[in-house]
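# Geometric and topological summary
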Amino acid sequence: MSSPHLELQMNLVEQQFDEVSCALLDADPAALEQACAGLQQTAVDFIQLSYRQAPGGVLPADMAQRVKALAEALPLLREGLYRKAALVERALPLLVPSSGQPSTYAGDSAPYASAMRQSGAFKVVAA
């Protein structure tokens, strides 16, 4: 039988996991960032509590199954985050396209002092 505190913390981890999933589907970057930070913190809190509450670091069978289910769903969530990041990277050039025109200022081809080169007409300076 698991302790009520450990059960409550596990419920919080599962709730935060669901919030990350919903924020990923809603495509709200601020909510997604906040949900991911919340999931990270509640997972850390759960691990710390489980070390203190579970004798020998062994979780009860029902709790271990819930942790295993989250561990198996985590790669799918991570893949969704990677896909969302790739989608944003591909959409960014559509929102902020490059002009394709040469730069107004000298690019990499000319050194900084290229405007100061002399034409050769005044090779000798008289004093």
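The present account deals with the structure reproduced in this document. Quick caveat, the model's predicted, so the values are computed rather than measured.

### Describing the overall build of the chain
Each helix and strand in the chain was counted, giving three helices and zero strands. Starting at the N terminus and walking to the C terminus, you meet the elements of the chain as α-α-α. Counted over contacts in the chain with a minimum sequence separation of 6, partners at least 24 positions apart contribute 70%. A total accessible area of about 10300 Å² is found for the chain, and carbon and sulfur atoms account for 60% of it.

### Points about a nonpolar patch on the surface
On the surface, Leu92, Leu95 and Val96 cluster together to form a nonpolar patch covering roughly 330 Å² of accessible area. Position of valine 96 among the secondary structure elements: in the segment after α3 (61-95). Judged by relative accessible area, valine 96 falls into the exposed class, the value being 59%.

### Comments concerning the nonpolar core
With 15 residues, the main nonpolar core has Val20, Leu39, Phe46 and Leu77 as its most contacted residues. Mapped onto this core, the elements with two or more residues apiece are α1 (4-26), α2 (29-53) and α3. For leucine 39, the contacting residues outside a window of four places in its chain are Val13, Gln16, Phe17, Val20 and Leu77.

### Notes on the packing of α1 against α3
Their axes nearest at 11 Å, the elements α1 and α3 cross at an angle of 20°. The pairing of α1 with α3 is recorded here as roughly parallel in orientation. Here the hand of the crossing between α1 and α3 comes out left-handed. Contact residues: Leu6, Glu7, Met10, Asn11, Val13, Glu14, Phe17, Val20, Ser21 and Leu24 in α1; Met63, Arg66, Val67, Leu70, Ala73, Leu74, Leu77, Gly80, Leu81 and Lys84 in α3. Classifying every residue of the contact of α1 with α3 gives 13 nonpolar, three polar and four charged.

### Details of α3
Helix length check: α3, at 35 residues, gives a terminal C-alpha distance of 51 Å against a target of 51 Å (1.5 Å per residue), a fit within 8%. When the local axis directions of α3 are compared, the greatest deviation, roughly 30°, occurs at alanine 73, which is followed within four positions by the proline proline 75. Listing the buried residues of α3 in full gives Met63, Arg66, Leu70, Leu77 and Gly80. Residues of α3 that are buried make contact with α1 and α2.

### Considering the side chain of arginine 66
Position of arginine 66 among the secondary structure elements: in helix α3. If sequence neighbours within four positions are ignored, arginine 66 has contacts with Glu7, Met10, Asn11 and Glu14.

### Some thoughts on the packing of α2 against α3
Relative to each other, α2 and α3 sit at 150°, their axes nearing to 14 Å. Classified by the angle their axes make, α2 and α3 are roughly antiparallel. As α2 packs across α3, the resulting crossing turns out to be left-handed. Across the interface between the two elements, Leu32, Cys36, Leu39 and Phe46 from α2 touch Met63, Val67, Leu77 and Leu81 from α3. Split by residue class, the contact of α2 with α3 holds eight nonpolar, no polar and no charged.

Rules and cut-offs
Residues numbered from 1 in each chain as written. Predicted model: local features only at pLDDT ≥ 70, side-chain atom pairs only at ≥ 80, totals over all residues. Heavy atoms only, no water. Helix = DSSP H or I, 4+ residues; strand = E, 2+ residues; numbered from the N terminus. Contact = heavy atoms within 4.5 Å. Areas by Shrake-Rupley, 256 points an atom, 1.4 Å probe, with all protein chains shown as cover. Patch = residues over 30% accessible without salt bridge, like charges linked within 9 Å, V, L, I, M, F, W, Y side chains within 5 Å. Salt bridge = Lys/Arg side-chain N within 4 Å of Asp/Glu carboxyl O. Buried < 20%, exposed > 50% of the residue type's maximum accessible area, 1.4 Å probe, protein only. Core = buried A, V, L, I, M, F, W, Y, C linked by side-chain atoms within 4.5 Å. Axes fitted to C-alpha atoms, helices over the stretch in contact; angles between N-to-C directions. Parallel < 35°, antiparallel > 145°, perpendicular 65-115°, else oblique. Left-handed = near helix turned anticlockwise from the far one by under 90°. Nonpolar A, V, L, I, M, F, W, Y, C, P; charged D, E, K, R; others polar. Expected span 1.5 Å × (residues − 1). Bend = angle between axes of the 7 residues up to and from the residue.

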